[in-house]
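Report on the structure
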Amino acid sequence: QVQLVESGGGLVQPGGSLRLSCAVSDSSLNIYMLGWYRQAPGKQRELAATITSGGSTNYADSVKGRFTISRDNAKNTVYLQMNSLRSEDTAVYFCKALVRGTWTLLEYWGQGTQVTVSS
């Protein structure tokens, strides 16, 4: 059973920073992409940032210049450094892994971690 374990969420004031971590339990997986998605109350889940095994990154326009995604392949961990946080960044943040299967990509999700930006 593949598990994605997120940590690092919490309450922060506007303009503050947080760092999210997501560790993938199975180190034998052939991971193609790791990413962070978020879901605010009453809204659909949306992309925040992704990073491929080759290091290519993709960011939502709303977080460009403020968030940085990185990965440590040796630790099977992906990070999301969030700076200059705004109230609209408040959401549950989910980690996602796309894993190469025999014929297709397999999708795994973490349980989510709450990020609240408020004074």
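One can find the structure itself at the top, above this paragraph.
For the structure given in this document, a descriptive report is provided here. If you're wondering where the values come from, they're calculated on a predicted model, not measured in any experiment.

What counts, and at which threshold
- Residues numbered from 1 in each chain as written.
- Predicted model: local features only at pLDDT ≥ 70, side-chain atom pairs only at ≥ 80, totals over all residues.
- Heavy atoms only, no water.
- Helix = DSSP H or I, 4+ residues; strand = E, 2+ residues; numbered from the N terminus.
- Rg over C-alpha atoms; globule rule 2.2 N^0.38 Å.
- Buried < 20%, exposed > 50% of the residue type's maximum accessible area, 1.4 Å probe, protein only.
- Contact = heavy atoms within 4.5 Å.
- Areas by Shrake-Rupley, 256 points an atom, 1.4 Å probe, with all protein chains shown as cover.
- Lys, Arg positive; Asp, Glu negative; His and termini not counted.
- Charge placed at Lys NZ, Arg CZ, Asp CG, Glu CD.
- Pairing = 2+ DSSP bridges.
- Axes fitted to C-alpha atoms, helices over the stretch in contact; angles between N-to-C directions.
- Core = buried A, V, L, I, M, F, W, Y, C linked by side-chain atoms within 4.5 Å.

For the rest of this paragraph, the subject is the overall build of the protein. Each helix and strand in the protein was counted, giving zero helices and 11 strands. Reading the secondary structure of the protein in the N-to-C direction produces β-β-β-β-β-β-β-β-β-β-β. Its C-alpha atoms give the protein a radius of gyration of 14 Å, within 12% of the compact-globule value 14 Å for 119 residues. The dimensions of the protein, computed from C-alpha atoms along their principal axes, are 45 × 25 × 25 Å. Taken over 119 residues, the protein has a buried fraction of 44%. In the protein, 52% of the contacts between residues at least 6 apart in sequence involve partners at least 24 apart. About 6,400 Å² of surface is accessible on the protein, with carbon and sulfur atoms providing 46% of the total. With 11 positive and 8 negative side-chain charges, the protein shows a spacing of 3 Å between the two charge centroids.

Strand order in this open sheet of four strands is β1-β3-β8-β7, and the pairing throughout is antiparallel. Each edge of the sheet is formed by a strand with only one pairing partner; in this case those strands are β1 (4-7) and β7 (67-72). Pairwise comparison of adjacent strand axes, ignoring direction, gives a mean angle of 15 degrees for this sheet. One ladder, built from six bridges, connects strand β3 (residues 18-24) with strand β8 (residues 77-82); its direction is antiparallel. Note on β8: the bridge partner recorded for cysteine 22 is valine 78.

This next bit is on the pairing of strand β9 (residues 91-100). Most of β9 sits out of view: eight of its 10 residues are buried. In the sheet, strand β4 (residues 31-39) pairs with β9 via eight bridges, with the strands oriented antiparallel. Bridged to glutamine 39 within β9 is valine 92. Pairing of β9 with strand β11 (residues 113-117), which is carried by three bridges, proceeds in the antiparallel orientation. Considered in β11, the bridge of tyrosine 93 is made with threonine 113. Of the pairings in the sheet, the one linking β9 to strand β10 (residues 105-109) comprises five bridges and is antiparallel in character. From the neighbouring strand, lysine 96 faces β10, where its bridge partner is tryptophan 109. Where β9 hands over to β10, the hairpin turn is made up of four residues, counted between the paired strands.

The subject of this paragraph is the nonpolar core. Trp36, Ile69, Val78, Leu80, Met82 and Tyr93 are the most contacted members of the largest nonpolar core, which totals 30 residues. For this core, the elements supplying multiple residues, two or more each, are β3, β4, β5 (46-52), β7, β8, β9 and β11. Per element, the largest residue contribution to this core is five residues, and it comes from β9.

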